[in-house]
Amino acid sequence: MKRGGIILLVGLLLSSVTFAGFYYLGTASCRTMMKDPQPELVWLKKEFKLSDAEFARITKLHEAYLPQCAERCMRIAEQNRKLEQLLGQASSLTPEIQGVLAERAKTRAECEAEMLKHFLEVSRTMPPEQGRRYLQWVEQQTFLNGQAMEQRHQATDHSAHHSGPMADQVHRRP
């Protein structure tokens, strides 16, 4: 019985060490990436085979863009809160609600325009072929493909494709 217990214990120990070793080796690239000052951009350098100089220029562009992006996001969030508040008090579409909707749409359009401007700047920092490939990737991954709204409007259940604060108010079911 003692011998069987020792064999079992040694087997468990060896399998634990083996698992830890494979885990450590398998996550090495992720751990290295997370040590970078801009881990969210490291994939970009690897995927698009950027030089250190190109990556440094993109990092500067990214750092300059982030505060402006955060400010626009805060404005949209505030507009969403205001819209939620107005919808909670309204029983019909008021001029004030229409104004907030228009203001939010304008802010979102500004956000999309600035985002596109940023994507184009980043693509120009890359070698031409990589820049084109980057823009293709961006188009597939962002609002630029235009599919978000179109796909929602192709849904058969019209109420199922609305989202956001207004959908909760407009499409309440008894």
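Cut-off values and rules
- Residues numbered from 1 in each chain as written.
- Predicted model: local features only at pLDDT ≥ 70, side-chain atom pairs only at ≥ 80, totals over all residues.
- Heavy atoms only, no water.
- Helix = DSSP H or I, 4+ residues; strand = E, 2+ residues; numbered from the N terminus.
- Buried < 20%, exposed > 50% of the residue type's maximum accessible area, 1.4 Å probe, protein only.
- Contact = heavy atoms within 4.5 Å.
- Areas by Shrake-Rupley, 256 points an atom, 1.4 Å probe, with all protein chains shown as cover.
- Axes fitted to C-alpha atoms, helices over the stretch in contact; angles between N-to-C directions.
- Parallel < 35°, antiparallel > 145°, perpendicular 65-115°, else oblique.
- Nonpolar A, V, L, I, M, F, W, Y, C, P; charged D, E, K, R; others polar.
- Salt bridge = Lys/Arg side-chain N within 4 Å of Asp/Glu carboxyl O.
- Patch = residues over 30% accessible without salt bridge, like charges linked within 9 Å, V, L, I, M, F, W, Y side chains within 5 Å.
- Expected span 1.5 Å × (residues − 1).
- Core = buried A, V, L, I, M, F, W, Y, C linked by side-chain atoms within 4.5 Å.
- Arc of directions from axis to C-beta.
- Polar contact = N/O pair within 3.5 Å; in protein donor to acceptor, adjacent residues only side chain to side chain.
- pLDDT = per-residue confidence, 0-100.

### Focus on the overall build of the protein chain
So, point 1. Helix and strand counts for the protein chain come out as eight helices and zero strands.
So, point 2. Listed by position from the N terminus, the elements making up the protein chain come as α-α-α-α-α-α-α-α.
So, point 3. Per-residue burial for the protein chain yields a buried fraction of 25% across its 174 residues.
So, point 4. By sequence separation, contacts in the protein chain at least 24 residues apart represent 51% of the contacts at least 6 residues apart.
So, point 5. Only carbon and sulfur atoms are counted for the fraction: they give 61% of the accessible area of the protein chain, which is about 12700 Å².

### Considerations on the packing of helix α4 (residues 52–89) against helix α5 (residues 95–125)
So, point 1. Running from N to C, α4 and α5 cross one another at 170°; their axes reach a closest spacing of 10 Å. Between α4 and α5, the angle falls in the class roughly antiparallel.
So, point 2. Across the contact of α4 with α5, the residue classes break down as 13 nonpolar, six polar and 12 charged.

### Concerning the pattern of salt bridges
So, point 1. What the rule picks out here adds up to six salt bridges.
So, point 2. The partner of Asp52 in a salt bridge is Lys45, with the nearest N and O atoms 2.4 Å apart.
So, point 3. Relative accessible area serves as the criterion here: at 56%, Asp52 is assigned to the exposed category.
So, point 4. A salt bridge links Arg132 to Glu129; the nearest nitrogen and oxygen atoms lie 3.0 Å apart. Placement of both Arg132 and Glu129 in helix α6 (residues 128–141) is noted, with a separation of three residues, approximately one turn of the helix.
So, point 5. You can call Arg132 partly exposed: its relative accessible area is 48%.

### With respect to a nonpolar patch on the surface
So, point 1. Together, Ile6, Val10 and Leu14 give the surface a local cluster of nonpolar side chains, amounting to about 280 Å² of exposed area.
So, point 2. Within the fold, Ile6 resides in helix α1 (residues 2–26).

### Structural notes on α1
So, point 1. Over its 25 residues, α1 runs 36 Å from end to end, which matches the ideal 36 Å to within 8%, given 1.5 Å per residue.
So, point 2. Of all 25 residues in α1, zero are buried, a share of ten percent or less.

### Focus on the nonpolar core
So, point 1. If you look at the biggest cluster of nonpolar residues, it comprises 16 residues, and the most contacted ones within it are Leu44, Phe48, Leu50, Ile58, Met126 and Tyr134.
So, point 2. The biggest single contributor to this core is α4, with five residues.
So, point 3. Those residues within four positions of Tyr134 in sequence are excluded, and the remaining contacts are Leu44, Phe48, Phe119, Val122, Ser123 and Met126.
So, point 4. Listed in part, the five residues of the second largest apolar core include Leu83, Leu86, Ile97 and Val100.

### Some points on α6
Along an α-helix, residues three or four apart share an orientation, since each turn contains 3.6 residues.
So, point 1. Counted at 1.5 Å a residue, the expected span for α6 with its 14 residues is 20 Å, and the 20 Å between its end C-alpha atoms agrees.
So, point 2. Residues Gln130, Gly131, Tyr134 and Val138 constitute the buried set of α6. Across the axial projection of α6, the buried residues extend over an arc of 100°, all falling on one side. Turned more than 90 degrees from where α6 packs its buried face, Pro128, Gln136 and Gln140 sit exposed.

### Some points on the environment of Thr142
So, point 1. By secondary structure assignment, the location of Thr142 is in the loop between α6 and α7 (147–153).
So, point 2. Residue Thr142 is classed as buried on the basis of its relative accessible area of 19%.
So, point 3. Each C-alpha atom of the pair Thr142 and Leu116 lies 9.7 Å from the other, and the pair is 26 residues apart in sequence.
So, point 4. A polar atom in the side chain of Thr142 sits 2.8 Å from the backbone oxygen of Val138.

### Notes on the confidence of the model for the protein chain
When pLDDT drops low, the exact placement of atoms in the prediction is not to be read closely.
So, point 1. Looking at the protein chain, the pLDDT average stands at 80 and 74% of residues meet or exceed 70.
So, point 2. When pLDDT is averaged over each element of the protein chain, α5 comes out on top at 94 and helix α8 (residues 165–170) at the bottom at 40.
So, point 3. When the criterion is pLDDT under 50, residues 156–174 qualifies, and its contacts beyond four places in sequence or with other chains add up to 19 contacts.

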